[in-house]
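Summary of structural features
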Amino acid sequence: MGEETLIADWTGLNFLRAGALVGARWLSRLFRPHPKLAPAPVASIVTVRPMAMAIEPTRRGGEAPGVAVVTKTRPKPKRPNMYRVLLLNDDYTPMEFVVGVLQGFFNKTLEEATEIMLSVHNKGVGECGVYTFEIAETKVTQVMEQARKSQHPLQCVMEKK
Ligand code: TYC
């Protein structure tokens with residue numbers, strides 16, 4: 001998972017390339033100037049790559065002599081958890097208010113907002129949108145605050161997908 005495996009031929013050109021890379025790293029380590037005496041070098045001979053990516057020659061079980069396996073490991077980006085923001089029906093909040101909420105906080109057109117509002121009205125619950133945690137939380141807070149200020153009992157909640 002998240003690993004790439006390359007076969008390097010240590011008897012051929014890749015040996016030279018890998019040797020040069022390792023050599024350059026060692027040289028730069030050995031001759032690194034004292035941090036208090038010299039400013040950081042503007043350029044370095046060492047290849048720059050993302051910190052989490054390491055290239056390390058590893059001798060494993062089944063390789064032929066002179067052949068090593070080079071594994072590059074990089075962090076696999078994970079998808080964020082997603083949350084549904086839902087509106088609940090009640091008997092008192094005016095339909096126009098709910099349509100306004102859907103247009104104002106969930107970027108719905110009048111037609112989309114009316115359809116969602118009627119679906120909530122008929123089925124009891126309806127989805128306004130799907131967001132990452134912080135955005136969903138913010139939407140719920142904004143809707144509840146708007147309803148509270150207008151003294152409507154409208155309820156807005158979020159649930160993990
Ligand atoms: N049921 C409300 C009414 O008849 C309208 C309504 C729709 C209320 C959706 C809340 O989330 C809601 N006035």
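Above this text you will find the structure in question.
Attention here is on the structure that accompanies the text. (Residues numbered from 1 in each chain as written. Predicted model: local features only at pLDDT ≥ 70, side-chain atom pairs only at ≥ 80, totals over all residues. Heavy atoms only, no water.)

**Side note on the overall build of the protein**
Stated formally: Elements are defined by DSSP. Helices are runs of H or I of four residues or more, strands are runs of E of two residues or more, and each kind is numbered from the N terminus. The classification of residues rests on relative accessible area computed with a 1.4 Å probe and restricted to protein chains. Under 20% of the type maximum is buried, over 50% is exposed, and intermediate values are partly exposed. In this analysis, two residues are considered to be in contact whenever any of their non-hydrogen atoms come within 4.5 Å of each other.
Scanning the protein from terminus to terminus reveals four helices and six strands. Secondary structure elements of the protein occur, N-terminal to C-terminal, as β-α-β-β-β-α-α-β-α-β. Within the protein, the proportion of its 161 residues that are buried is 23%. Here the analysis covers contacts within the protein between residues at least 6 apart in sequence; of these, 65% occur between residues at least 24 apart.

**With respect to the sheet that holds strand β5 (residues 125-132)**
Just so we agree on the cut-off: Whether two strands pair depends on DSSP finding at least two bridges between them. Only C-alpha atoms enter the line fits that serve as axes; for helices the fit covers just the stretch in contact. Angles between N-to-C directions range over 0 to 180 degrees.
Taken together, the three strands give an open sheet; going across it, the order is β5-β4-β6, and neighbouring strands pair in antiparallel fashion. What marks the edges here is a single partner per strand, and that holds for β5 and β6 (155-160). Within this sheet the neighbouring strands show an average axis-to-axis angle of 25°, counted without direction. Sheet topology places strand β4 (residues 82-88) next to β5; seven bridges connect them, and they run antiparallel. Among the inter-strand pairings, Leu-87 is bridged to a residue of β5, identified as Gly-126. Contacting β4, β5 and β6, helix α4 (residues 133-149) crosses the sheet at an angle of about 165° to β6.

**Re the site of the ligand**
Put simply, the rule is: One heavy atom within 4 Å of a molecule or strand is enough for the residue carrying it to be called near that molecule or strand. Using a 1.4 Å probe, accessible areas were evaluated by the Shrake-Rupley method; residue-level cover was limited to the displayed protein chains. Each residue gets one of three labels, nonpolar for Ala, Val, Leu, Ile, Met, Phe, Trp, Tyr, Cys and Pro, charged for Asp, Glu, Lys and Arg, and polar for the others, Gly among them.
Around the ligand, a shell composed of Leu-87, Leu-88, Asn-89, Asp-90, Thr-93, Met-95, Val-98, Met-117, Val-120, His-121 and Leu-154 is seen. Within the complex, the protein chains bury 89% of what would otherwise be the 340 Å² of accessible surface of the ligand. Per-element accounting of the shell around the ligand gives the leading share, three residues, to helix α3 (residues 110-123). Grouping the constituent residues of the shell around the ligand by class yields seven nonpolar, three polar and one charged.

**Topic: the packing of aromatic side chains**
Note the threshold: Between 30 and 60 degrees the pair is tilted, below 30 it is stacked and above 60 it is edge-to-face, where a pair is any two Phe, Tyr or Trp rings, Trp via its six-membered ring, whose centres lie within 6.5 Å.
All chains considered together, the criterion is met by two aromatic pairs. Pairing Tyr-83 with Phe-133 gives two aromatic rings, centres 5.3 Å apart and planes at 80°, and the pair type is edge-to-face. Of this pair, Tyr-83 sits in strand β4 while Phe-133 is found in helix α4, placing the two residues 50 residues apart along the sequence. Exposure remark for Tyr-83: the relative accessible area of 12% places this residue in the buried category.

**Remarks on the environment of Thr-109**
By the secondary structure assignment, Thr-109 is in the loop between α2 (95-106) and α3. Note: C-alpha distance between Thr-109 and Val-99 (10 residues apart in sequence) is 9.2 Å.

**Considering the packing of α2 against α3**
Think of two packed helices as two axes; the pair is described by the angle between the axes and how far apart they sit. How we decide: Orientation categories follow fixed angle ranges, with anything under 35 degrees roughly parallel, anything over 145 roughly antiparallel, 65 to 115 roughly perpendicular, and all other angles oblique. Left-handed describes a crossing whose near helix is turned anticlockwise from the far helix by less than a right angle; the clockwise case is right-handed.
Contact geometry of α2 with α3 gives a least axis separation of 9 Å together with a crossing angle of 125°. As judged from the angle between their axes, α2 and α3 are oblique. Considering the relative orientation of α2 and α3, their crossing is right-handed. Residues Met-95, Val-98, Val-99, Leu-102 and Gln-103 of α2 lie in contact with α3, whose contacting residues are Leu-110, Ala-113, Thr-114, Ile-116, Met-117, Leu-118 and His-121. Considering only residue class, the contact of α2 with α3 consists of nine nonpolar, three polar and no charged.

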